[in-house]
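Fold and geometry: a report
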Amino acid sequence: MFIPVLIASLILSIKAEALVSRSQSYPSSQSAVLGPKTRLTIGNKVIAPDGFERSATLVDGVFPGPLISAQKGDDFAIEVVNELQDESMLLSTSIHWHGLFQNRTNYADGASFVTQCPIAQNHSFLHTFSVPNQAGTYWYHSHYSVQYCDGLRGPLVIYDPQDPLAYMYDIDDASTVITLSDWYHTLATILRYVIGNIADSSLINGLGRYAGGPMSPLAVITVEQGKRYRMRLISMSCDPNFQFSVDGHNLTVIEADGELTEPLVVDQLQIYAGQRYSVVLVADKPVNNYWIRNLPSTAMATYEQGTNSAILSYKGACKVEPATVNIAPKNPLVETNLHALINPGVPGIPEYGKADINLNLDVTNVNGTFYVNNATFKPPTVPVLLQILSGAQEASQLLPNGSVIVLEANKVVELTLSTTGAVGPHSIHLHGHSFDVVQSACDSTSTFNYVNPVRRDVVSAGDTGQQVVIRWVTDNSGPWFLHCHNDWHLEAGFAMVMAESPSDTRAHLNNVPDAWEQLCPIFDSLIPSQLGGEGLKSYEEATDISTLLHLPPPSLQ
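Heads up: these notes are all about the structure in this document. Values in this document were obtained by computation on a predicted structure and should not be read as measured data.

**A look at the layout of surface pockets**
Within this model, the largest pocket holds a volume of roughly 1,700 Å³. In terms of lining residues, the largest pocket is bounded by 43 residues, among which Arg192, Pro379, Glu491, Pro553 and Ser555 are the most central. Elements that contribute at least two residues to the lining of the largest pocket include exactly α4 (487–491) and α6 (514–524). Of the residues forming the lining of the largest pocket, the biggest block, 3 residues, is contributed by α4.

Dropping the structure here:
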């Protein structure tokens, strides 16, 4: 009898000590909060967020990158400094400020080969832009090839002192920003050649465990009984979507992708790559520890040994891992139940096909390469914005050929996107705008809603045979990327450029910085060894992982 009791006592002691160390180490994973005028240093560092050591591409040496915090109406001036050194990964970089409209500052959008050339090693670029009319939950990430899968991603929040839903919560600060990400033990420069990548783990606030790995620290989110918390969920995923829930607690959705929604109570929500939700969690349960669950859409994913999990810990609870049980959701989020809170309603005639411009995009997949209306996106050598500023105005003049759609100014656009033979679900993001989701692909019985649909900037396109319909107004001249936010799919060609009124772009833009003009000459002068990624060697390493591969570019063959 004594031996089993002793063993049980030791196990509880080990668990308690592990949780104490996690609780103590958690604040260090929350790096210093930065303001809207700041510097981001991009470099390499060996980290082990799930217990497996690997070199990564990071902002200020941390994963996820530091929170950038601002107030509604702030002006931004963010210098991106490239100090990358690890030649096994990409040595140039760019950063996209996901969800920010960049009205009149398309050149600061950060999308490589669409709005700028990448920032070369040992160079920098100052992003200056204003955000006068947006507030909510956003993020930033590399928009150069598959670089953000190697770690360059972080949260960005714009707080609204006049938030009309502030009465619903007590706490909304850096401690309630929750990042959700996938993580890979193999470098993205190798995995970009593999068709059908599967993440090794998923991380919450930069911490997690992988199947068969060590009992690595988990994120601990501390709450006080009786308080109400605005949890800002950010999916920084490169691939899977997640099913997010907190044992024993309901979540009230009040924001989707920077757009307030009518409050909606759920007990689980599915969040796709690039999406964000604000949810209010009321800490009204007994003082205890509760599992936070974030199940990825990968085969065989579980919660065993604390994988895909974090800990919600009430103040005063014992420092032990939760014993709460996962219960099947009774009230999961359905996208069509979300409704815009502010100025609901869709622009234009409220009937399918009756917008000023009606677009149909059909996405197909052939041997791992994606085609949108029979064109696969291959980054042009001259960014689309530079082409426009150099005089190109018509779709026939703009590269890449077949991947640029020119739209007239101040028109209502209705876009229908469907997938054929392109296994999903795919996460579709439009730069420069939010859009109304007229028809959701998440519900096969979904009807058209022109009265009060959800408004957002990332939407699921569903699976093969499904479609999504969105509407927006072309009131922001410039080239805007429309692409799958599964980064492996974007790399494989799943993208288009929406070029809004190119003839107006130069007049619409604020003064283009001289430093922006220099990005391309500097990048174009680089020799292959200065680009990083180890060229053909990375492809050869990919052949050891899978036989389903994308061919390397002709320059490496």
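**Here we look at the state of the cysteines**
A complete count under the given rule lists 2 disulfides for this structure. Sulfur-sulfur distance for the disulfide between Cys117 and Cys520 comes to 2.1 Å. Taking the sign of the S-S torsion, about 90° here, the bridge from Cys117 to Cys520 comes out right-handed. Taken as a pair, Cys117 in the loop between β5 (95–98) and β6 (124–130) and Cys520 in helix α6 lie far apart in primary sequence, 403 residues in all. Taken individually, Cys117 and Cys520 each receive the classification buried, so the pair is uniform in this respect. At a sulfur-sulfur separation of 2.2 Å, the disulfide partner of Cys149 is Cys238. An S-S torsion of about -120° defines the bridge between Cys149 and Cys238 as left-handed. Placement of Cys149 in the loop between β7 (136–142) and β8 (153–159) and of Cys238 in the loop between β12 (228–235) and β13 (242–246) is noted, with a sequence separation of 89 residues between them.

**Considering the nonpolar core**
If you look at the biggest cluster of nonpolar residues, it comprises 60 residues, and the most contacted ones within it are Met231, Leu312 and Met498. A per-element tally of this core places strand β20 (residues 357–366) first, with 4 residues. Every residue in contact with Leu312, bar those within four places of it in the chain, is listed here: Ile221, Val223, Met231, Val246, His249, Leu281, Asn288, Asn289, Tyr290 and Ile292. One finds Ile119, Tyr144, Leu152 and Phe523 within the second-largest nonpolar core, a separate group that totals 39 residues.

**Some details on unusual backbone geometry**
Glycine aside, negative phi is the norm for most residues, and most peptide bonds take the trans geometry. For the bond running from Phe63 to Pro64, omega is -10°, close enough to zero to count as cis. Topologically, Pro64 is positioned in the loop between β2 (54–59) and β3 (68–71). With an omega of 5°, the peptide bond running from Leu399 to Pro400 counts as cis. Within the secondary structure layout, Pro400 lies in the loop between α3 (384–389) and β22 (404–407). Residues other than glycine seldom take positive phi values, yet Ser501 does so here, at roughly 35°. Unlike most non-glycine residues, Glu534 shows phi in positive territory, near 60°. Given a relative accessible area of 32%, Glu534 falls into the partly exposed group.

**Examining the sheet that holds strand β17 (residues 276–282)**
With mixed pairing, 6 strands are arranged side by side in an open sheet as β10-β9-β12-β17-β14-β15. Unpaired on one side and paired on the other, β10 (201–204) and β15 (259–266) mark the two borders of the sheet. Each adjacent strand pair in this sheet contributes to an overall mean axis angle of 25°, direction not counted. Both β12 and β17 contribute to a ladder of 7 bridges, which runs antiparallel. Across the sheet, residue Arg232 finds its bridge partner in β17, namely Ser278.

**Focus: the environment of Pro347**
Tracing the backbone through its elements, the reader meets Pro347 in the loop between β19 (309–314) and β20. By relative accessible area, which is 22% here, Pro347 ends up partly exposed. For the pair Pro347 and Glu414, spaced 67 residues apart in sequence, the C-alpha to C-alpha distance is 9.7 Å. Apart from residues no more than four positions distant in its own chain, Pro347 is found in contact with Val412, Asp436, Arg471 and Val473.

**Considerations on helix α7 (residues 535–542)**
Every α-helical turn comprises 3.6 residues, leaving residues that sit three or four positions apart pointing alike. Of the residues making up α7, those classed as buried are Ser538, Tyr539 and Ala542. Taken end-on, α7 shows its buried residues confined to a sector of 100°, consistent with a single buried face. At its buried positions, α7 is contacted by α2 (188–191).

**Thoughts on empty space enclosed by the protein**
Within the structure shown, the criterion is met by 3 cavities of 30 Å³ or more. Taken as a whole, the second largest cavity spans an internal volume of roughly 40 Å³. Lining the second largest cavity we find Ile178, Ile221, Met231, Phe244, Val246, Leu251, Leu281, Ile292 and Leu312. Partitioned by chemical class, the residues of the lining of the second largest cavity number 9 nonpolar, no polar and no charged.

**Brief notes about the sheet that holds strand β11 (residues 220–223)**
Pairing in this open sheet of 5 strands is mixed, and the strands run β11-β19-β18-β13-β16 from one edge to the other. Whereas interior strands pair on both sides, the edge strands pair on one side only; in this sheet they are β11 and β16 (269–271). When strand polarity is set aside, the average angle formed by the axes of neighbouring strands in this sheet is 25°. Where β13 and strand β18 (residues 289–296) come together, 5 bridges link them in antiparallel fashion.

**Quick notes on the pairing of β19**
Every regular strand shows the same layout, with side chains that alternate between the two sheet faces. Across the 6 residues that make up β19, a large majority, 6, are buried. Every second residue of β19 is oriented toward a common face, with Ser309, Ile311 and Ser313 on one face and Ala310, Leu312 and Tyr314 on the other, all of them buried. Pairing analysis gives 4 bridges linking β11 to β19, with the strands arranged parallel. Counterpart to Ile221 in the pairing with β19 is Leu312. Pairing of β18 with β19, which is carried by 5 bridges, proceeds in the antiparallel orientation. By the bridge assignment for β19, Trp291 is matched with Ile311.

**Examining α6**
Those residues of α6 lying buried are Trp516, Leu519, Cys520 and Phe523. In a view along the axis of α6, the buried residues occupy a sector of 80°, so they form one face of it. As for α6, its buried residues are in contact with β6 and α3.

**Overview of the side chain of Arg455**
With respect to the secondary-structure elements, Arg455 resides in strand β26 (residues 455–456). Take Arg455: its relative accessible area is 14%, and that puts it in the buried class. For Arg455, the side chain forms a polar contact with the main-chain oxygen of Asn343, separated by 2.8 Å.

Procedures and definitions
Residues numbered from 1 in each chain as written. Predicted model: local features only at pLDDT ≥ 70, side-chain atom pairs only at ≥ 80, totals over all residues. Heavy atoms only, no water. 1 Å grid on protein atoms, 1.4 Å probe; cavity = no way out; pocket = protein on both sides within 12 Å on 5 of 7 lines; lining within 4 Å. Points joined across faces, edges and corners; volume = space filled by probe spheres on them. Helix = DSSP H or I, 4+ residues; strand = E, 2+ residues; numbered from the N terminus. Disulfide = S-S within 2.5 Å. Buried < 20%, exposed > 50% of the residue type's maximum accessible area, 1.4 Å probe, protein only. Core = buried A, V, L, I, M, F, W, Y, C linked by side-chain atoms within 4.5 Å. Contact = heavy atoms within 4.5 Å. Pairing = 2+ DSSP bridges. Axes fitted to C-alpha atoms, helices over the stretch in contact; angles between N-to-C directions. Arc of directions from axis to C-beta. Nonpolar A, V, L, I, M, F, W, Y, C, P; charged D, E, K, R; others polar. Polar contact = N/O pair within 3.5 Å; in protein donor to acceptor, adjacent residues only side chain to side chain.

Everything listed here is a matter of coordinates, which is why it stays silent on function.
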